[in-house]
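What the coordinates show
Listed below are the residues making up each chain.
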Amino acid sequence: MKTLLLGNAAVARGLYEAGCGAVSSYPGTPSTEITEEAAKFEEIYCEWAPNEKVAMEVALGASIGGTRSLCAMKHVGLNVAADPLFTASYTGVSAGMVIAVADDPGMHSSQNEQDSRHYAAASKLPMLEPADSAECKAFTKLAFELSERFDTPVLLRLSTRVSHSQSIVELAEREEPAPVPYQKNTPKYVMMPGFAKKKHVVVEERTRKLAEYADTAPINEEILGDTRLGIITSGAAYQYAREALGDSASYLKLGMVHPLPEEKIRHFAGQVEKLVVIEELDDVIETFVKKLGVPVQGKELFPWIGEISQNMVADRLRGIRPETTALEEELPVRPPVMCAGCPHRGMFYTLAKNKVTVLGDIGCYTLGASAPLSAMDTTICMGASISGLHGFNKVRGKESEQRSVAVIGDSTFMHSGMTGLANISYNGGNSTVIILDNSITGMTGHQQNPTTGYNIKGEPAAKISLEKVCEAVGIRRVSVVDPYDLKEFDRVLKEELAAEEPSVIISRRPCALLKYVKHAPAYRVESDRCKACKACMKLGCPAISIKEGKAVIDGTQCVGCGLCKGLCGFGAIEE
Amino acid sequence: MNTTKNMMIVGVGGQGTLLASRVLGNALLQQGYDVKVSEVHGMSQRGGSVVTYVRYGEKVYSPIVDEGQADIILAFEQLEAARWLHDLKPGGKLIVNTQQIDPMPVVTGTASYPAGLMEKIRAKGVDLTALDALSLAEQAGSSKAVNIVLIGVLSCYLDFPKEVWARALEECVPPKFLEINQKAFELGRSCKGE
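What to know about the overall build of chain B
The number of helices and strands found in chain B is eight helices and six strands. Beginning at the N terminus, the succession of helices and strands in chain B can be written as β-α-β-β-β-α-β-α-α-β-α-α-α-α. Relative to the 2.2 N^0.38 estimate, which gives 16 Å for 194 residues, the radius of gyration of chain B is 16 Å and therefore close to what a compact globule would have. Seen through its C-alpha atoms, chain B measures out along the principal axes to roughly 50 × 45 × 35 Å. When burial is assessed residue by residue, chain B has 61% of its 194 residues classed as buried. Taking as baseline every contact in chain B between residues at least 6 positions apart, the subset at least 24 positions apart corresponds to 65%. Element-wise, carbon and sulfur atoms account for 51% of the exposed surface of chain B, whose accessible area totals about 7,400 Å². Once the 19 positive and 21 negative side-chain charges of chain B are each reduced to a mean point, those two points are 1 Å apart.

Quick look at the structure:
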């Protein structure tokens, strides 16, 4: 049967067909749907782990336990999981283990643009890179075979355009590989120096064998057209190149991007007059080709930054530019915004009003940095709000402690905020941390987490109490506030900032987009009473605008949170 | 020669462009084409400018539609139509829902919503169909059905049998909302716009 599948759903289908039995991941755009789709198969045990390091260790444990396993993450998630990654390379696997990592060239939904191929080289692991959904499925299955054949975890590199494009996939039946019986094997799995030294030799030997395999692998494919121009490429970049150049060029399409196939590259280079590497982000393939002494062009034609496209290929290699139509005037931009009724809004409004320095974190609430709230000073990586605030306050002293906060979501706190909080407590910090508990992992599209009380399948699960975690790490001042209650939030914020010891404020209200959240009737503006003072506009609510000099509330968007009513000094906003 | 057809669905995060692209993709698959549908998830979805690329033909390579390549752009909102206009192929078709949704710079007063966008676009010689899809959606029973009203309009420009669209709706729309969406599709299909 043929069907249209997202690249991520095709990876999940590949897991199913390959007989994968365990998946552990942390959500992150553009990788999230791999695990969500895998969870729809009853045959696969799936879970959301608190972070990517945990997820990778769970997957490795499942592999050692004898069942094919996977963990999926976005590119920055692999930084978190880098610790197990490098040593899993030494232990190898029992049943096959695949690590799916989705890069985000163009930073559609990320804080940086790192190229995960460097991790394959650094950890000495093979990496496959599919270019469409059919390959997502096929390469996932191949990755399990290679994992078992070469005794290694295998990286599957995706990118936004592959993960989030639907294309046609032919479905097949599931194979059921027999579980591998567990056998204690200390030299293989206990990586203390005596054993690890021996394993490093094995790893180098494996890399040599994998390089030999790369030279014979059918997924490193020569596609010959006009041989005056030869293109070496992989993943989405291959699609752009083929689209732009068609049969007017020849291609070496690399399905395996680490290790790279030396002989195949030499052979291809020998057949074409001019050789160009087209790759997004860094010059990984180009550097390798140059090291072989083969003349090649790459980054002098294509950018280090952002995505490539078919027009860019046509322009850089053929000098062809499209004919376009556009309006002359500059159009207002439309950045993403916090939704109407978002519980984070009231909190950011209060922080902005109090002119507090805000060390932020990763999630929907990063949007608090945008105008008009503009209530964020830093956003680095998962968990950096809390630990960063501790360092910030330690060097700046009491005055800073009384006017700075960390802001972190419930899921991000579980991911890597807890350790930062323990550090504040242990090292005698006096910082104020606000945990935004909206009962869900929001930005990635509503995934459950250890604080929500439900697992990935929506079944009841242990619900970790944020209050108790904070108390357990030594925070004595823990308060819970409803961010819709602006007066109370303001009072608690002032009190906790003034306190002479560390405190946590839990800003608790479920995400307004959650299905079970009942919305109040929409508010409206009594325009006779509206003095156009724009006090309500300070909230940055997408449901409120000024039309013909008066505030207007869009009833289709308003969820009746009532924040604007509380700010109107003229009683112009009514239910 | 490359015979791949290019379509774009553009709008504001939350307007239901993803469902529209799924219905379209389903119809194209039924017609036996190679199809690619490229979506945007994550950060941009939160009320930001969103675009979905739909490409079909004998063999489709790139998942995206690039500048000057779209045969048809289906715009869910006026400003978004203007924003993505440079992707329209010369002679391409632009279908616009005349709804206006203020972006945050307009809401906060640092920019104003451009006036007379449809007239300006038409003055460029663009083959434009503009309609009030929101009213038609409300007429069908839900303001949320704007996406399917617009798919109904789009269906007039794609020569597929009616049954294909009917099946695509049945397979993509939750049963609870099917009737409203069928009505929305019909209203869109029978609307000629201005």
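Still more to cover.
Some words on helix H13 (residues 284–291) of chain A
Since the α-helix turns once every 3.6 residues, residues separated by three or four places project in the same direction. Buried residues of H13 of chain A: Val284, Ile285, Glu286, Phe288 and Val289 of chain A, and no others. Directly beyond the C-terminal end of H13 of chain A, a positive phi value near 80° is found at Gly293 of chain A.

Quick look at the domain arrangement of chain A
Each assigned domain of chain A is listed with its residue range as follows: domain 1 (2–216), domain 2 (220–318), domain 3 (343–508) and domain 4 (524–574). Of note, the centres of domain 2 of chain A and domain 3 of chain A, computed from C-alpha atoms alone, are 46 Å apart.

As for unusual backbone geometry
All names here are of chain A. Cis geometry is adopted by the peptide bond preceding Pro30, which originates at Thr29 and carries an omega value of 10°. The topology assignment puts Pro30 in the loop between strand S2 (22–25) and helix H2 (32–38). The linkage connecting Ala371 with the following residue, Pro372, adopts the cis geometry, with an omega of 5°. Tracing the chain through its elements places Pro372 in the loop between strand S14 (357–359) and helix H16 (384–396). The phi dihedral of Lys355 is positive, around 50°, even though this residue is not glycine. Even without a glycine there, the phi angle at Ser439 is positive, about 65°. For Ser439, the position within the fold is in the loop between strand S16 (432–437) and helix H19 (466–472).

Remarks on the environment of Ser133 of chain A
All names here are of chain A. Mapped onto the fold, Ser133 is located in helix H7 (residues 133–150). In this structure, the C-alpha to C-alpha distance between Ser133 and Pro84, residues 49 residues apart in sequence, is 28 Å. Separated by 2.7 Å, the side chain of Ser133 and the backbone oxygen of Leu5 make a polar contact.

With respect to the interface of chain B and chain A
Counting from both sides, the interface comprises 57 residues of chain B and, opposite them, 54 residues of chain A. Connecting chain B to chain A are six salt bridges. One salt bridge connects Lys547 of chain A with Asp102 of chain B, and the closest N-O pair in it is separated by 3.5 Å. Of all the elements, strand S2 (residues 34–38) of chain B adds the most residues to the side of chain B that touches chain A, at five residues. Grouping the constituent residues of the side of chain B that touches chain A by class yields 27 nonpolar, 16 polar and 14 charged. Relative to S2 of chain B, strand S8 (residues 165–170) of chain A is paired through three bridges, and the arrangement is antiparallel. Paired with Ser165 of chain A across the bridge in S2 of chain B is Ser38 of chain B.

About the thresholds
- Residues numbered from 1 in each chain as written.
- Chains lettered and ligands numbered in written order.
- Predicted model: local features only at pLDDT ≥ 70, side-chain atom pairs only at ≥ 80, totals over all residues.
- Heavy atoms only, no water.
- Helix = DSSP H or I, 4+ residues; strand = E, 2+ residues; numbered from the N terminus.
- Rg over C-alpha atoms; globule rule 2.2 N^0.38 Å.
- Buried < 20%, exposed > 50% of the residue type's maximum accessible area, 1.4 Å probe, protein only.
- Contact = heavy atoms within 4.5 Å.
- Areas by Shrake-Rupley, 256 points an atom, 1.4 Å probe, with all protein chains shown as cover.
- Lys, Arg positive; Asp, Glu negative; His and termini not counted.
- Charge placed at Lys NZ, Arg CZ, Asp CG, Glu CD.
- Domains from an automatic or database assignment.
- Polar contact = N/O pair within 3.5 Å; in protein donor to acceptor, adjacent residues only side chain to side chain.
- Salt bridge = Lys/Arg side-chain N within 4 Å of Asp/Glu carboxyl O.
- Nonpolar A, V, L, I, M, F, W, Y, C, P; charged D, E, K, R; others polar.
- Pairing = 2+ DSSP bridges.

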